[in-house]
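Residue-level listing of the chains:
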Amino acid sequence: QVQLVESGGGLVQPGGSLRLSCAASGRTFTNYNMGWFCQAPGKEREFVISITWSGDRTYYADSVKGRFTISRDNAKNTVNLQMNSLKPEDTAVYYCAAGYSDFVRANVPPDYWGQGTQVTVSS
């Protein structure tokens, strides 16, 4: 199994940037599809962005296209989320996720979740 720990959240002004990191430990990290979800108060957890285990495909929610970028560094067992042009509506807890399958294409939940990191976009 995989354990996931997020970091990098915080308070940022609208239009600013943050970079979230997810540190993974456990077996065969490189074989997992990785992604990020977010959950705002009173709302369901939503898909944000993901990358396949080989890095050959990425998926984006429409709301973050052109603003967010995902990358993975298998040597460091990390996946990163670069968040640019942040908006107040991006405020949420962001969760790192890992899946055995390409969970976006398969339309299934990821298999593992981190504890989340708070992102607040406000003046």
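Note: the structure precedes this text.
Caption draft 1: Structural detail: the overall build of the chain. Counting its regular elements, the chain contains 1 helix and 11 strands. Going from N to C terminus, the chain has its helices and strands arranged as β-β-β-β-β-β-β-β-β-α-β-β. Taken over C-alpha atoms, the radius of gyration comes to 13 Å for the chain, in line with the 14 Å a tight globule of 123 residues would show. Projected onto its principal axes, the C-alpha coordinates of the chain cover approximately 40 × 25 × 25 Å. Expressed as a percentage of the 123 residues in the chain, the buried residues total 41%. Of the contacts made within the chain by residues no fewer than 6 positions apart, 57% connect residues no fewer than 24 positions apart. Side-chain charges in the chain split into 11 positive and 10 negative, and the spacing between the mean points of these groups amounts to 4 Å.

Caption draft 2: Representation of the pairing of strand β5 (residues 46-51). Relative to β5, strand β4 (residues 33-39) runs antiparallel, the two sharing 5 bridges. When the sheet's bridge partners are listed, C38 is paired in β5 with E46. Between β4 and β5, which pair antiparallel in sequence order, lie 6 residues; one of them, G42, sits at a positive phi of approximately 80°. For β5 and strand β6 (residues 58-60), the ladder comprises 3 bridges, and the chain directions are antiparallel. Across the sheet, the residue bridging to I51 is T58, located in β6. Where β5 folds back on β6, the antiparallel hairpin that results is connected by 6 residues, among which G55 adopts a positive phi of roughly 80°.

Caption draft 3: Local environment of the nonpolar core. L4, M34, W36, F68, M83 and Y94 are the most contacted members of the largest nonpolar core, which has 29 residues in total. Once residues lying within four places of it in the same chain are set aside, the contact partners of Y94 are E6, L20, W36, F37, C38, V48, F68, L81, M83, G116, T117 and V119.

Caption draft 4: Spatial organisation of unusual backbone geometry. Notably, S85 is not glycine yet its phi reads approximately 50°, a positive angle. Tracing the sequence through the fold places S85 in the loop between β8 (78-83) and β9 (92-99). Overall, S85 belongs to the partly exposed group, its relative accessible area being 40%. For N107, which is not a glycine, the phi torsion comes out positive at approximately 55°. Note on placement: N107 falls in the loop between α1 (103-106) and β10 (112-113). Relative accessible area serves as the criterion here: at 70%, N107 is assigned to the exposed category.

Caption draft 5: Seen up close, the state of the cysteines. Applying the stated criterion across every chain, the model contains 1 disulfide. Through a disulfide, C22 is tied to C96; the S-S separation comes to 2.1 Å. The disulfide joining C22 to C96 has a torsion of about -85° about its S-S bond and is therefore left-handed. Placement of C22 in strand β3 (residues 18-26) and of C96 in strand β9 is noted, with a sequence separation of 74 residues between them. Of the two residues, C22 and C96, both sit in the buried class. Free cysteine C38: the closest other cysteine sulfur is in C96, separated by 14 Å.

Thresholds, definitions, all that
Residue positions are counted from 1 within each chain, in the order its sequence is given. With pLDDT at 70 or above as the cut-off, local features in this predicted model cover only qualifying residues; side-chain atom pairs require 80 or more to be listed or tallied, and sums for whole chains, interfaces and linings still use all residues. The side-chain quantities take in all heavy atoms of the structure and omit both hydrogens and water. Each helix is a run of DSSP H or I of at least 4 residues and each strand a run of E of at least 2, with the numbering of both proceeding from the N terminus. When we talk radius of gyration, it's over C-alpha atoms, and the globule rule is simply 2.2 Å times the number of residues to the 0.38. Burial here depends on accessible area, computed with a 1.4 Å probe over protein chains only, as a share of the maximum for the residue type. Under 20% is buried, over 50% is exposed, and the range in between is partly exposed. Contact criterion: two residues are considered in contact whenever any of their non-hydrogen atoms come within 4.5 Å of each other. Residues counted as positive are Lys and Arg, residues counted as negative are Asp and Glu, and His and the chain ends are not counted. By convention, the point assigned to a charge is CZ for Arg, NZ for Lys, CD for Glu and CG for Asp. Pairing between strands is defined by DSSP: at least two bridges between them are needed. The term nonpolar core refers to a set of buried residues drawn from Ala, Val, Leu, Ile, Met, Phe, Trp, Tyr and Cys, joined through side-chain atoms within 4.5 Å. By definition, disulfides here are pairs of cysteine sulfur atoms that lie within 2.5 Å.

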